[in-house]
Amino acid sequence: MKHIFVLMTLFLFVQCKTNKNNTDADNSSGNVQISSTDYSKLITSENLKTHLYTFASDDMEGRMTGEPGQKKAAQYLKDFYKKNDIAAAKDDGDYYQTVPESYFNSGRTRGLKASENVAAFIEGTTHPEEVIVISAHYDHVGVDDQGNIYNGADDDGSGTVAILEIAKAFAKAKKEGNGPKRSLLFLHVTAEEVGLVGSRYYSENPIFPLENTITNLNIDMIGRITPDKKETPNYIYLIGSDKLSQELHDVSEQVAKTYSDLELDYKFNADDDPNRFYYRSDHYNFAKHGIPVIFYFNGVHEDYHQPTDTADKIEYDLLAKRAQLIFHTAWEVANRKERIKVDINE
């Protein structure tokens, strides 16, 4: 009897501690509150694989900005959000934010046709005006002169399909009365490969005011293992998490300790990193406006920007684990009592 009493006391203590630390959205509907873990389990390697074998197939023709393959990819994203009853971010119900041809007017972009960012939205329950942007670029480099298709399965098909499954998990949470306190913008940007153009266009023409954009979680290549990590593949590189907000960095660290066994590797976060990855993906167009960011990245590999970056080479279980970590981080940031603050001046 004494042992039963001790076990019951321990159970209640754990439950109380979990509820105390849980930053889930307030549930005024009377439904049983569910933790982020229940929803993160909806992000599976099987679903990610199904998406990516289509999204990075030859039918998408390498998804070059402004070309038919990129238009097919945009339609795939739009169809997914419509099928899953996830609203368009724009008030007019259009999932596309057009980047006009006139915007492609210099350097590598000259001569490119008009393109589209794809933007879906889940409104927050308590602070709907505060927005977390989860981004990935969905364009790639197309077809070369010899007819080789650059499928871009890792770059950045992996980040693109991760966002789809993250969005689907949040949509189910909201449907069941456990929606995020803050709003979530699922932003698939175009023209990253020609100079971060789609995200720059969004930052200059935001659907939601930048002053109310509290964080950007950017996903660019999370489906492979870099050669340096072949012996320790259970990792993800994080870049930028402490550049503008120590609070965001600390939250990210705590989420990883609580929900994941992934190693958070900051190798490329150093200010003197010769690769300068901090400046080379779409998060930078948010960071330069003073918005805290985290860039999730697996590092480069032998198939980077090659026709051999194909869906069969993706580590799908690892991709799912990385996507789940990002989901948990977004859940935490969305449901905290206070918004993430800028507390570091670069």
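Here, residues in each chain are numbered from 1, in the same order as that chain's written sequence. Residue-level local features of this predicted model are given only where pLDDT is at least 70; pairs of side-chain atoms are given and counted only at 80 or more, and the full residue set underlies all totals for whole chains, interfaces and linings. Where side-chain values are given, they derive from all heavy atoms of the structure, hydrogens and water being excluded.

Asks: I would appreciate a short explanation of the packing of helix H3 (residues 45-55) against helix H5 (residues 153-175) in the present structure.
Replies: The packing of two helices is summarised by the inter-axis angle and the distance between the axes. Interaxial angle, 0 to 180 degrees, is taken between N-to-C directions of lines fitted to C-alpha atoms, where a helix line uses only the stretch in contact. In this text, helices come from DSSP runs of H or I with a minimum length of four residues, and strands from runs of E with a minimum of two, each type numbered from the N-terminal end. Axis separation between H3 and H5 bottoms out at 9 Å; the angle between their running directions is 130°. Viewed along their axes, H3 and H5 adopt a mutual orientation that is oblique. For the pair H3 and H5, the crossing hand works out as right-handed. When H3 is examined against H5, the residues Asn-47, Leu-48, His-51, Leu-52 and Phe-55 are found in contact with a partner set consisting of Ala-153, Gly-157, Ser-158, Thr-160, Val-161, Ala-162, Leu-164 and Glu-165. In the contact of H3 with H5, the residues fall into seven nonpolar, five polar and one charged. With respect to orientation, any angle under 35 degrees is reported as roughly parallel, any angle over 145 as roughly antiparallel, any angle of 65 to 115 as roughly perpendicular, and every other angle as oblique. Crossing handedness is defined as follows: a turn of the near helix away from the far one that is anticlockwise and smaller than a right angle gives a left-handed crossing, while the clockwise case is right-handed. In this analysis, two residues are considered to be in contact whenever any of their non-hydrogen atoms come within 4.5 Å of each other. Only Asp, Glu, Lys and Arg are considered charged in this grouping, and only Ala, Val, Leu, Ile, Met, Phe, Trp, Tyr, Cys and Pro are considered nonpolar; every other residue, Gly among them, is considered polar.

Asks: Just to check I follow, could you spell out the pairing of strand E6 (residues 213-219) for this structure?
Replies: Two faces make up the sheet, and in a regular strand the side chains alternate between them. Partly exposed residues are those whose accessible area sits between 20% and 50% of the maximum for their type, while under 20% is buried and over 50% is exposed, using a 1.4 Å probe and protein chains only. Counting buried positions over the seven residues of E6 gives seven, a clear majority of the element. For two strands to count as paired, DSSP must find a minimum of two bridges between them. Note: strand E4 (residues 127-137) against E6, five bridges, orientation parallel. Counted as the bridge partner of Ser-135 is Asn-218 from E6. Of the strand pairs in this sheet, E6 and strand E9 (residues 293-297) are connected by four bridges, and their pairing is parallel. Looking at the pairing, Leu-217 lines up with Ile-294 of E9.

Asks: Mind showing me how you'd approach the nonpolar core here?
Replies: Note that soluble globular proteins tend to have their nonpolar side chains buried in a common cluster. The criterion is simple. A nonpolar core is a set of buried Ala, Val, Leu, Ile, Met, Phe, Trp, Tyr and Cys residues joined through side-chain atoms within 4.5 Å. In this structure, Tyr-81, Ile-134, Ile-166, Phe-170, Leu-185 and Phe-186 are the most contacted members of the largest nonpolar core, which totals 91 residues. The dominant element in this core, judged by the number of residues it contributes, is helix H9 (residues 316-335), at twelve residues. Beyond its immediate chain neighbours, meaning those up to four positions away, Ile-166 contacts Ile-43, Ile-134, Phe-186, Ile-219, Ala-323, Ile-326 and Phe-327.

Asks: Where do I start with the packing of aromatic side chains in this structure?
Replies: Describing an aromatic ring pair means giving the distance of the ring centres and the angle of the ring planes. Stacked, edge-to-face and tilted are the three classes for Phe, Tyr and Trp ring pairs, Trp counted by its six-membered ring, which pair at centre distances within 6.5 Å; planes under 30 degrees apart are stacked, over 60 edge-to-face, the rest tilted. Applying the stated criterion to the full structure yields 21 aromatic pairs. An angle of 65° between the planes, with centres 4.7 Å apart, marks the rings of Tyr-237 and Phe-268 as edge-to-face. Note that Tyr-237 is positioned in strand E7 (residues 235-239) and Phe-268 in the loop between strand E8 (263-265) and helix H8 (284-287), a separation of 31 residues in sequence. The exposure class of Tyr-237 is buried, given its relative accessible area of 1%. Arranged with centres 5.1 Å apart and planes meeting at 75°, the rings of Tyr-278 and Tyr-279 form a pair that is edge-to-face. On the accessibility criterion, Tyr-278 (5% relative accessible area) is buried. An aromatic cluster is present here, built from Tyr-235, Tyr-237, Phe-268, Phe-277, Phe-295 and Phe-297 joined pairwise through their rings. Placement of a charge over a ring requires the Lys NZ or Arg CZ to be within 6 Å of the ring centre, with the centre-to-atom vector within 35 degrees of the ring normal. Above the ring of Tyr-96, the side-chain terminus of Lys-78 is found at 5.3 Å from the ring centroid. One residue, Arg-322, lies across the ring of Tyr-235, its end atom 4.8 Å from the ring centre.

Asks: Would you mind going over the confidence of the model for the protein chain with me for this structure?
Replies: Interpretation of the predicted coordinates at a detailed level should be avoided for regions scoring low in pLDDT. pLDDT: the predictor's confidence for each residue, scored from 0 to 100. Summarising the model, the protein chain shows a mean pLDDT of 92, and 90% of its residues fall at 70 or more. Mean pLDDT per element in the protein chain: helix H1 (residues 2-21) is the minimum at 42, and strand E5 (residues 182-189) is the maximum at 99. Between residues 1-22, whose pLDDT stays under 50, and residues either more than four places distant or in other chains, the model counts one contact. Throughout residues 24-33 the model reports pLDDT below 50, and contacts reaching past four residues in sequence, or to other chains, amount to 24 contacts.

Asks: Sorry if this is basic, but what is going on with H9 here?
Replies: Residues that lie three or four places apart on an α-helix share one face, since the helix turns once every 3.6 residues. Helix span, as expected, comes to 1.5 Å for every residue beyond the first. With 20 residues, H9 extends 28 Å between its outermost C-alpha atoms, agreeing within 8% with the 28 Å of an ideal straight helix rising 1.5 Å per residue. Within H9, 17 of the 20 residues are buried, which leaves the element mostly enclosed by the surrounding structure.

Asks: Just to check I follow, could you spell out the environment of Leu-262 for this structure?
Replies: By the element assignment, Leu-262 lies in the loop between helix H7 (246-259) and E8. Given a relative accessible area of 7%, Leu-262 falls into the buried group. For the pair Leu-262 and Leu-318, spaced 56 residues apart in the sequence, the C-alpha separation amounts to 9.3 Å.

Asks: I would appreciate a short explanation of the pattern of salt bridges in the present structure.
Replies: Working definition: two side chains of opposite charge can pair if their charged atoms are close together. Counted as salt bridges are all cases of a side-chain nitrogen of Lys or Arg within 4 Å of a carboxyl oxygen of Asp or Glu. Within this structure, the stated rule accounts for 17 salt bridges. Lys-172 serves as the salt-bridge partner of Glu-176, at 2.8 Å between the closest nitrogen and oxygen. Because the salt bridges share partners, they merge into one network encompassing Arg-224, Glu-302, Asp-303 and Lys-313.

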